[in-house]
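Residue-level structure breakdown
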Amino acid sequence: MIEINSEQLEKYLEEAFGPGVRLVDYGDIGSLDKQGMKSFGYGKPLLVCYEKDGQKNEAVLSVMKGDNFGHQFYWDRASVLMFQYETSAKMERHVKPVGLGYFNRSGEMLPLSEPVEFFILNEKLEGYDYFHDLDRIMKKGLGEGDVELAREMARWLSRVHSEKKDDHHLYTRRIRDLIGSSECIMGMIDESFPKPWSFFSNKRFMKLEKRLIDWRWKLSNYYSRRLCAVHGDFHPWNVLVGGKNGFSVLDRSRGEWGEAAGDVCTMAINYLLFGLYSGDGFSDDFRKLYMAFFEEYLQRTGDRQSLEVIAPFIVFRALVVASPVWYPDHPVEVRTALMNLVENVLEDEVFDYVGIDRYMR
């Protein structure tokens with residue numbers, strides 16, 4: 001429940017509607033009394049009576065309850081309320097929204113006025129995108145420090161993933177999102193591949209989706225041991241290198257908590273992608289980076305269980321780098337190897353990271 005008083009409400013109304021607003025009364029619907037603090041929350045909205053330019057108005061203030069149906073975090077709930085604010089008035093007979101706002105960490109009520117698009121302002125970091133190093137390696141071979149940098153990134157991930165959280169509902173949500181969300185596997189299949197497609201028939205996509213359901217149920221058995229802090233999109237375009245303090249990361253995505261194996265395979269699949277451009281399978285240079293990264297991570301964490309759950313995350317990341325939308329210029333042999341990986345990796349109960357070549361045949 002949220003505690004609210006008349007000073008908070010009056011300040012919000014003035015900021016939202018201008019200086020000509022005066023709070024008249026507020027309280028439970030059917031019982032107005034603005035003395036002291038009031039609690040309200042999901043299932044207990046607050047009736048607010050106010051006067052603007054001499055005209056009396058009534059409005060109902062409500063918040064959305066956090067739950068395990070995709071609303072665990074305030075940003076989940078904000079998206080629902082912003083949708084309602086933007087679209088409710090367009091529907092005949094629907095209640096009309098008159099304001100949108102949020103409580104800050106100090107308990108103040110702040111208006112959000114006519115939002116159209118959101119932005120974020122981040123600090124400026126030194127360095128350049130890590131994928132430039134991978135381009136260099138592809139053309140000129142490994143240089144001094146390249147393998148050690150891969151190991152350092154694995155060590156960083158091991159520290160990030162050491163923070164654990166016990167929440168089986170949230171772990172289940174993360175697996176559900178991986179398979180079914182618009183950003184992840186189902187969304188990639190729908191929006192990033194033509195239908196029909198010469199590299200992968202519709203029947204093969206259907207078989208893939210059905211196989212992923214088996215994996216969803218398999219991973220549901222791991223919820224008590226796997227949820228941890230994650231980056232969520234740890235690939236070479238989200239890593240800056242060359243700064244005075246070593247590498248830095250950008251664009252944390254898909255939630256604060258998730259499955260560690262997702263971060264591991266996101267970087268590893270890019271070593272594989274660049275390594276396939278040699279024209280003769282997985283090149284030695286990128287295999288060294290891939291193995292150094294994997295082995296350092298496993299040695300630091302001891303998390304060999306990640307190899308039991310990683311397969312559907314590999315499917316997602318392989319679909320991303322195989323996509324003709326995102327990567328239209330892949331040679332045939334590169335795209336074919338990646339789509340073979342998508343299909344074959346789900347057939348092993350434990351991922352054989354050392355023998356990854358066999359999945360691409």
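Our subject is the structure listed above.
Residues numbered from 1 in each chain as written. Predicted model: local features only at pLDDT ≥ 70, side-chain atom pairs only at ≥ 80, totals over all residues. Heavy atoms only, no water.

Section: the overall build of the chain
A count of helical and extended segments in the chain gives 13 helices and 13 strands. The buried share of the chain, taken over its 361 residues, is 45%. Within the chain, contacts between residues at least 6 apart in sequence are counted, and of these 65% link residues at least 24 apart. Carbon and sulfur atoms make up 51% of the accessible area of the chain, which amounts to about 19,600 Å² in all. One way to put it: in the chain the 46 positive side-chain charges average out to a point 3 Å from where the 56 negative ones average out. (Helix = DSSP H or I, 4+ residues; strand = E, 2+ residues; numbered from the N terminus. Buried < 20%, exposed > 50% of the residue type's maximum accessible area, 1.4 Å probe, protein only. Contact = heavy atoms within 4.5 Å. Areas by Shrake-Rupley, 256 points an atom, 1.4 Å probe, with all protein chains shown as cover. Lys, Arg positive; Asp, Glu negative; His and termini not counted. Charge placed at Lys NZ, Arg CZ, Asp CG, Glu CD.)

Section: the nonpolar core
Met153, Tyr271, Tyr290, Phe293, Phe294, Leu341 and Phe351 are the most contacted members of the largest nonpolar core, which totals 86 residues. The element contributing the most residues to this core is helix α9 (residues 260-276), with twelve residues. With residues near it in sequence (within four places) discarded, leucine 341 still touches Ile269, Leu272, Ile314, Ala318, Ile356, Tyr359 and Met360. Among the nonpolar cores identified, the runner-up in size contains twelve residues, and Tyr26, Leu46, Ala59 and Met109 belong to it. (Core = buried A, V, L, I, M, F, W, Y, C linked by side-chain atoms within 4.5 Å.)

Here we look at the packing of aromatic side chains
Applying the stated criterion across every chain, the model contains 19 aromatic pairs. Here the aromatic rings of tyrosine 290 and phenylalanine 294 are separated by 5.2 Å at their centres, their planes lie at 65 degrees, and the arrangement is edge-to-face. You can see tyrosine 290 and its partner phenylalanine 294 sitting in helix α10 (residues 284-301), four residues apart, about one turn around the helix. Members of the aromatic cluster, connected to one another through ring pairs, are Phe282, Tyr290, Phe294, Phe351, Tyr353 and Tyr359. The ring of phenylalanine 205 carries lysine 195 above its face, with NZ or CZ at 5.3 Å from the centroid. Sitting over the ring of phenylalanine 199, arginine 335 keeps its end group 6.0 Å from the ring centre. (Phe/Tyr/Trp six-rings, centres within 6.5 Å; stacked < 30°, edge-to-face > 60°. Lys NZ or Arg CZ within 6 Å of the ring centre and 35° of its normal.)

A look at the pattern of salt bridges
Counting across every chain of the model gives 27 salt bridges. Of the charged contacts in the structure, one is a salt bridge between arginine 317 and aspartate 233, with a shortest N-O distance of 3.0 Å. In this pair, arginine 317 is assigned in helix α12 (residues 311-322) and aspartate 233 in the loop between β10 (227-229) and β11 (239-243), connecting sequence segments 84 residues apart. Each member of the pair arginine 317 and aspartate 233 is classed as buried. A cluster of three or more residues bridged by salt bridges with shared partners is formed by Glu148, Arg151, Glu152, Arg155, Arg159, Glu296 and Arg300. (Salt bridge = Lys/Arg side-chain N within 4 Å of Asp/Glu carboxyl O.)

Points about the sheet that holds strand β9 (residues 128-129)
The three strands lie next to each other as β9-β11-β12, forming an open sheet whose pairing is antiparallel. Among the strands making up the open sheet, the edge pair consists of β9 and β12 (246-249). Alignment of β11 against β12, held across three bridges, turns out to be antiparallel. When the sheet's bridge partners are listed, valine 239 is paired in β12 with valine 249. (Pairing = 2+ DSSP bridges.)

Here we look at helix α7 (residues 202-219)
A rise of 1.5 Å per residue sets the reference length of α7, with its 18 residues, at 26 Å; its end C-alpha atoms lie 26 Å apart and thus fit the reference within 8%. Within the span of α7, buried status applies to Phe205, Leu208, Leu212, Trp215, Lys218 and Leu219. Looking straight down α7, one finds that the buried residues subtend no more than 115 degrees of arc, so they occupy a single side. When the buried face of α7 is taken as reference, the exposed residues oriented beyond 90 degrees from it are Lys203, Lys207, Lys210 and Trp217. Contact partners of the buried residues in α7: α5 (168-180), α6 (185-191), α8 (223-226), α11 (306-309), α12 and α13 (332-344). (Expected span 1.5 Å × (residues − 1). Arc of directions from axis to C-beta.)

Some points on empty space enclosed by the protein
Scanning the entire structure with this criterion turns up one cavity of 30 Å³ or more. In this structure, the largest cavity encloses a volume near 50 Å³. Cys265, Ala268, Ile269, Leu272, Tyr290, Phe294, Ile314, Phe351 and Ile356 are the residues that line the largest cavity. Those elements giving two or more residues to the lining of the largest cavity turn out to be α9 and α10. Counting residues per element, the lining of the largest cavity draws most heavily on α9, which supplies four residues. (1 Å grid on protein atoms, 1.4 Å probe; cavity = no way out; pocket = protein on both sides within 12 Å on 5 of 7 lines; lining within 4 Å. Points joined across faces, edges and corners; volume = space filled by probe spheres on them.)

A closer look at α12
Owing to its 3.6 residues per turn, the α-helix aligns residues three or four sequence positions apart on the same side. Compared with an ideal rise of 1.5 Å per residue, which puts twelve residues at 16 Å, α12 spans 16 Å between its outermost C-alpha atoms and is within 8% of the ideal. Among the twelve residues in α12, twelve count as buried, and that is most of the element.

So far we have only geometry, and geometry alone does not tell us how the molecule works.
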